[in-house]
Protein chains: 2
Amino acid sequence: MVKITIIGYGNVAQHLIHAFQQQSDVVIEQVYSRNYEDGNRIDSSLNFTSNWDDLVPTDLFIIAVSDDAIAEVSLHFPLKNQLVVHTSGSVSLEQISNHNRRGVFYPLQTFTKGKNVDFSQIPICIETEFSADLEILKKLAQVISEKTHIINSQQRRALHVAAVYVNNFVNHLYQIGNEICIENQIPFSILQSLIKETASKIETLSPVEAQTGPAKRNDQQTIESHLDFLEPNKMQRNIYKLLTESIQSNGKEL
Amino acid sequence: MVKITIIGYGNVAQHLIHAFQQQSDVVIEQVYSRNYEDGNRIDSSLNFTSNWDDLVPTDLFIIAVSDDAIAEVSLHFPLKNQLVVHTSGSVSLEQISNHNRRGVFYPLQTFTKGKNVDFSQIPICIETEFSADLEILKKLAQVISEKTHIINSQQRRALHVAAVYVNNFVNHLYQIGNEICIENQIPFSILQSLIKETASKIETLSPVEAQTGPAKRNDQQTIESHLDFLEPNKMQRNIYKLLTESIQSNGKEL
C-alpha cells in the first residue's frame, strides 16, 4: 500500500489520478489544487484542498504542475523531509526545494484532455536523490506501468529532446501533410495508413534501415519537382530542403 | 475476373503480386522481368518471361519499376492499345508511351522487403486517360483494398509531397531521436509508446489540435536549454530551430 498526495489538477495530474484510482495498492490521500472547486465538481470521491496547511504527511507527494511552476510550488509546500517528486521531462531534480527528499516521476507520453491512455504501456522514468526513495517510486511506477526505467537527470534531458523530435516535430510534419491535402482537395485520411505503418515499421527495423524516399535514393529529379511544387510556401520548402539535406548527409557518413 | 500482367519484379511488384495471388477474381497471366530466373526461383507458380515478344494481351499491364525507368520500359513494351498503368506517386501519366491507353494504379504505402502488409487498409489512388478504363482499375483496386480514390495527376503530385513529409521525413526524425538515445545510453524502445500515440492521436484530432510541446506553448527557457544541448550537432540543431520556428509562426497565423 502506497499513500500519495497529488499537487496540481491539470492534464497530467488528472491522467495520473485516473490511473492510480484503478489500483487498490495506491491510496490518494489528498489532492492540492488552487481551484479545488473545479476538481470537486469533476470527482467528488477525491479529498481536495486549496490550503497548504491542510496537507498531511504521506509516502509521496507528486507535483504535477506546469514546468515553470514546479520550483515555486515546491517552495510553498509546507512540510519537511517528505519525498517530493515532479513529473516533468525537462526540469532538473534540483528545482525542487531541498527541504525535502527530491525525486522525479516522469511518464513519457503525450496526454490529451479527455482521452484515456493505457498507462501499462507508458514508460515511467524515475530518479531520486536518495537510493532508499528509489524503491518507493519503483513500487508505485510498477503498479501502473509495465515499463519502469531509472533515468538520471542528464539522460532525462536527452530523452526530452528526443521526445520533442519524435512527438512535437513529427506531429508538425503531419500538420504540413494535412495542409497540402487541404489545399489540393484530398482527404487527409488517405495518409493515415501510411502514418501508422511508418510508426510501426521501426518496431522491427532501425530508422536508418526503414528510411526510403527521394532523398534517401538521391532522386534529384523528384526532389527538384517537389521543391518547385512547394515554391509558394517558403517555410514548407525550407523544411523540405533541410530534412532532405540531413537524410543525404547521413547516407554519406554510413 | 480480371487478367493482368505485371512488368517488373522489385519490391512493389512483389507486394502487389502477393496481394493479387490471394484473390480468385484476379489472374496474373505473366510477369515480365529482366532477371526472371531470380523470380522463378522465388515463385515457380508464376509465368515469368524476360522476352518482350512473349507478352500476350490482357485486361491490364502494371508497370511496377523504379520511377526513372517507367518511360523507358513503356517504350520497350511491344503491344498497342492496351491499358498500361504505372504504380508511382511522382510520375505523371504522360510518361507512359501514348501507343497505349494510359493510367495510374498507385498504392499509397511504404513497402518493406519481406514484410507483408495488409492491402485492405492501403489506399489505392487510380487515374486513367479514358473514363471507360477507370472501371477496370476500380474493379481491380476494390478486390484488394477497401480504400479506392480517384486522384488526378496534380493531386497525386501533392499527395506524394505530403507523403514525403509524413513518411520519409517523420522517419528521419525517428532516426534523430534514436541517435540522441544511443549517445546517452537510453534504449530507443522507451520512445515507442510515444511514437505510436503520436500517430494514433491524429485519427481523432487534427494535427493542429494535437500539437503540444515547448514550441507550441512558447516555452523559451526549455527551447534554449534544448538548443544548448544540441550545440555539438549542427544539423540536429538547425532542424530543431526551423521546426520550432515553423510551429510558432503557425500559432501566430491562427
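Residues numbered from 1 in each chain as written. Chains lettered and ligands numbered in written order. Predicted model: local features only at pLDDT ≥ 70, side-chain atom pairs only at ≥ 80, totals over all residues.

## Brief notes about the overall build of chain A
As a reminder of what qualifies: Helix and strand assignments follow DSSP, with helices taken as H or I runs no shorter than four residues and strands as E runs no shorter than two, numbered in order from the N terminus. Whether a residue is buried, exposed or partly exposed is read from the other C-beta atoms within 10 Å of its own C-beta, which are placed from the backbone; 20 or more gives buried, 12 or fewer gives exposed, and intermediate counts give partly exposed. Here contacts are defined at the residue level, using C-beta atoms placed from the backbone and a cut-off of 7 Å between them.
Helices and strands together make up the secondary structure of chain A, namely nine helices and eight strands. On the principal axes, the C-alpha backbone points of chain A span a range of 70 × 40 × 30 Å. Across the 254 residues that make up chain A, the buried fraction comes to 46%. The long-range fraction of contacts in chain A, counting pairs at least 24 apart against all pairs at least 6 apart in sequence, stands at 50%.

## Notes on the sheet that holds strand S3 (residues 48–49) of chain B
Remark on secondary structure: sheet strands pair via backbone hydrogen bonds, oriented parallel or antiparallel. Residues and elements named next belong to chain B. The condition that has to hold: Two strands are counted as paired when DSSP detects at least two bridges linking them.
Taken in spatial order, the eight strands make up an open sheet running S3-S2-S1-S4-S5-S6-S7-S8, and their pairing is mixed. Since the sheet does not close on itself, it has two edges, and those belong to S3 and strand S8 (148–150), each with one partner. Judged from the two bridges that link them, strand S2 (residues 26–32) and S3 form a sheet pairing that is parallel. From the neighbouring strand, Val31 faces S3, where its bridge partner is Phe48.

## Describing the relation of the copies chain B and chain A
Quick reminder of the rule: A least-squares superposition brings the copies together, and it is based on the C-alpha atoms of residues with pLDDT no lower than 70 in both.
Overlaying chain B on chain A yields an RMSD of 0.0 Å, the required transformation being a rotation through 180° with an accompanying axial translation of 0.0 Å. A rotation of that kind, with that shift, is consistent with a two-fold axis. In terms of C-alpha distance to the rotation axis, chain B has Val170 of chain B as its closest residue, with the C-alpha 2.7 Å off the axis. Counting the interface residues of chain B, we find that 100% of their copies in chain A are interface residues as well, pointing to one common contact surface.

## Observations concerning the domain arrangement of chain A
Residue and element names in this part refer to chain A. The condition that has to hold: Residue ranges labeled as domains rest on an automatic or database domain assignment.
As far as domains go, chain A holds domain 1 (2–151) and domain 2 (156–253). Taking only C-alpha atoms, the centre of domain 1 and the centre of domain 2 are 36 Å apart. Taken together, the contacts link nine residues of domain 1 with six residues of domain 2. Elements that contribute at least two residues to the side of domain 1 that touches domain 2 include exactly strand S6 (101–107) and strand S7 (124–128).

## Focus: helix H6 (residues 192–201) of chain A
Of all 10 residues in H6 of chain A, eight are buried, a share of seventy percent or more. Of the residues making up H6 of chain A, those classed as buried are Gln192, Ser193, Leu194, Ile195, Glu197, Thr198, Ala199 and Lys201 of chain A. In this structure, the buried residues of H6 of chain A make contact with helix H5 (153–183) and helix H7 (207–210) of chain A together with helix H5 (153–183) and helix H6 (192–201) of chain B.

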